[in-house]
Amino acid sequence: MTANTTSTGTVRSADGTTIAYERAGEGPAVILIDAAGHFRGTGLQRALAEQLTGELTVYCYDRRGRGESTDTPPYAVEREVDDLQALIEVAGGSAALHGFSSGAVLAVHAAAAGLPIPAISLLEPPVELHGDVGLPALATEVTELVTAGRRADAYLHYLRSIGVPDEFIERTPDSPVWQQLQALAHTLAYDPQITATMTDRIARTVTTPALVVNSAATDERLSTWGRELAAALPNATHRTLPGEWHGVSPADLAPVLVHHVLAAG
């Protein structure tokens, strides 16, 4: 397979959930983990993948309950870790992980669980290791809105509650995939469980080489969380790269990520 060739497939997780993925590139494997409220159709994973496939084999996937992946209740963080284990097996038995936002925290959970992961890369992990950010309550609120049939309201409420700037929220309903984003609104109750269950104790057990990245233009809260997680991880480097609020361009992130993965072997 050449770097420009993309193949698609599915894999069955331990609880029977079908996880859809696509593969492109050549070199050591890396699995990209999306943030809350995103799937392959939003293009976040693909934009970064396009910058990586010259040197890495990149796996983009739909997290459970999103896009073309199925779902199996009840939700548990451990089930998403099982999804990554299934993808790692597809990738040949070992794969680095790059996660964005809550997807970054999921990568830490996977490394803590002992999965065969040679390196983890974490872009703007929103995790408070030394306090309570109230996220479990947000999960309940999202679920209540979804149950009431108010999926659009649930999605927008989630964005407001986690501090997304108004200009980002205002243009969300204009997205060409807005209907698909509403369809995955119930999964917004999953990510608060991922972040709320990450602790300083868990982070300190992860000896996997870790890269923690923040944007130079992000808010102080996210920058502080990134630095604190990097300090807790025993084998981590923290970098600040050019970017926007809660985001670094694939062109700036890719070379740093490639170097980290290749250096870890």
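Here, the structure is the one placed above.
Scope of this entry: the structure provided in the associated data block. All values reported here derive from a predicted model rather than from experimental measurement.

### Some points on the overall build of the protein chain
Within the protein chain one finds 11 helices and 8 strands. Relative to the 2.2 N^0.38 estimate, which gives 18 Å for 265 residues, the radius of gyration of the protein chain is 17 Å and therefore close to what a compact globule would have. Once the C-alpha set of the protein chain is aligned to its principal axes, its extents read approximately 50 × 35 × 35 Å. When each of the 265 residues of the protein chain is scored for burial, the buried share is 52%. Sequence-distant contacts in the protein chain: of pairs separated by 6 or more residues, those separated by 24 or more amount to 71%.

### Some remarks on the packing of helix H2 (residues 77–90) against helix H3 (residues 102–112)
Relative orientation of the contacting elements H2 and H3 amounts to 80°, with a least axis distance of 10 Å. In terms of orientation, H2 and H3 fall into the roughly perpendicular class. Mapping the contact onto sequence places Val77, Glu80, Val81 and Leu84 in H2 and Leu106, His109 and Ala110 in H3. Split by residue class, the contact of H2 with H3 holds 5 nonpolar, 1 polar and 1 charged.

### Concerning helix H5 (residues 151–161)
Note on helix geometry: an α-helix contains 3.6 residues per turn, so any two residues three or four positions apart are oriented the same way. Of the residues making up H5, those classed as buried are Ala154, Tyr155, Leu156, Tyr158 and Leu159. Just downstream of H5, Gly163 is the residue with a positive phi angle, here 95°.

### Let's talk about the pattern of salt bridges
Inspection of the entire model under this criterion finds 13 salt bridges. Of the charged contacts, one joins Asp15 and Arg79 as a salt bridge, the two residues approaching to 3.1 Å between their closest N and O atoms. Note that Asp15 is positioned in the loop between strand S1 (6–12) and strand S2 (18–25) and Arg79 in helix H2, a separation of 64 residues in sequence. Note that Asp200 is salt-bridged to Arg204, the shortest N-O span being 2.8 Å. Several salt bridges share partner residues, and in doing so they unite Glu22, Arg40, Arg46, Asp62 and Glu68 into one network.

### Considering unusual backbone geometry
The omega torsion across Pro73 and Pro74 is 0°, close enough to zero to call that bond cis. Structurally, the position occupied by Pro74 is in the loop between strand S4 (57–61) and H2. The phi dihedral of Ser101 falls on the positive side, at around 60°, and the residue is not glycine. Along the chain, the position of Ser101 falls in the loop between strand S5 (96–100) and H3. Residue Ser101 is classed as buried on the basis of its relative accessible area of 11%. Although it is not a glycine, Glu124 adopts a positive phi angle of roughly 50°. Looking at where Glu124 falls in the secondary structure, it is placed in the loop between strand S6 (120–123) and helix H4 (135–147). Given the relative accessible area of 0%, Glu124 is considered buried.

### Here's the deal with the packing of aromatic side chains
Throughout the structure, instances matching the rule amount to 4 aromatic pairs. Seen from their ring centres, Tyr21 and Tyr59 are 6.1 Å apart, and the 50° between their planes marks the pair as tilted. Taken together, the residues Tyr21 in strand S2 and Tyr59 in strand S4 connect sequence positions 38 residues apart. Exposure class is identical for Tyr21 and Tyr59. Each is buried. A ring pair is formed by Tyr75 and Tyr190, whose centres lie 4.0 Å apart and whose planes are at 5°; its orientation type is stacked. Of this pair, Tyr75 sits in the loop between S4 and H2 while Tyr190 is found in the loop between helix H7 (178–183) and helix H8 (191–196), placing the two residues 115 residues apart along the sequence. A cation over an aromatic ring shows up here: Arg171 above the ring of Phe168, its NZ or CZ 4.6 Å from the ring centre.

### What to know about the pairing of S2
Of all 8 residues that make up S2, 7 are buried, and the element is covered over most of its length. Relative to S2, S1 runs antiparallel, the two being bridged by 7 bridges. Residue pairing in the sheet places Thr6 in a bridge with Ala24 of S2. Count of turn residues in the S1/S2 antiparallel hairpin: 5 residues, of which Gly16 carries a positive phi of about 95°. Bridging between S2 and S4 involves 5 bridges; their strand directions are antiparallel.

Definitions and limits used
Residues numbered from 1 in each chain as written. Predicted model: local features only at pLDDT ≥ 70, side-chain atom pairs only at ≥ 80, totals over all residues. Heavy atoms only, no water. Helix = DSSP H or I, 4+ residues; strand = E, 2+ residues; numbered from the N terminus. Rg over C-alpha atoms; globule rule 2.2 N^0.38 Å. Buried < 20%, exposed > 50% of the residue type's maximum accessible area, 1.4 Å probe, protein only. Contact = heavy atoms within 4.5 Å. Axes fitted to C-alpha atoms, helices over the stretch in contact; angles between N-to-C directions. Parallel < 35°, antiparallel > 145°, perpendicular 65-115°, else oblique. Nonpolar A, V, L, I, M, F, W, Y, C, P; charged D, E, K, R; others polar. Salt bridge = Lys/Arg side-chain N within 4 Å of Asp/Glu carboxyl O. Phe/Tyr/Trp six-rings, centres within 6.5 Å; stacked < 30°, edge-to-face > 60°. Lys NZ or Arg CZ within 6 Å of the ring centre and 35° of its normal. Pairing = 2+ DSSP bridges.

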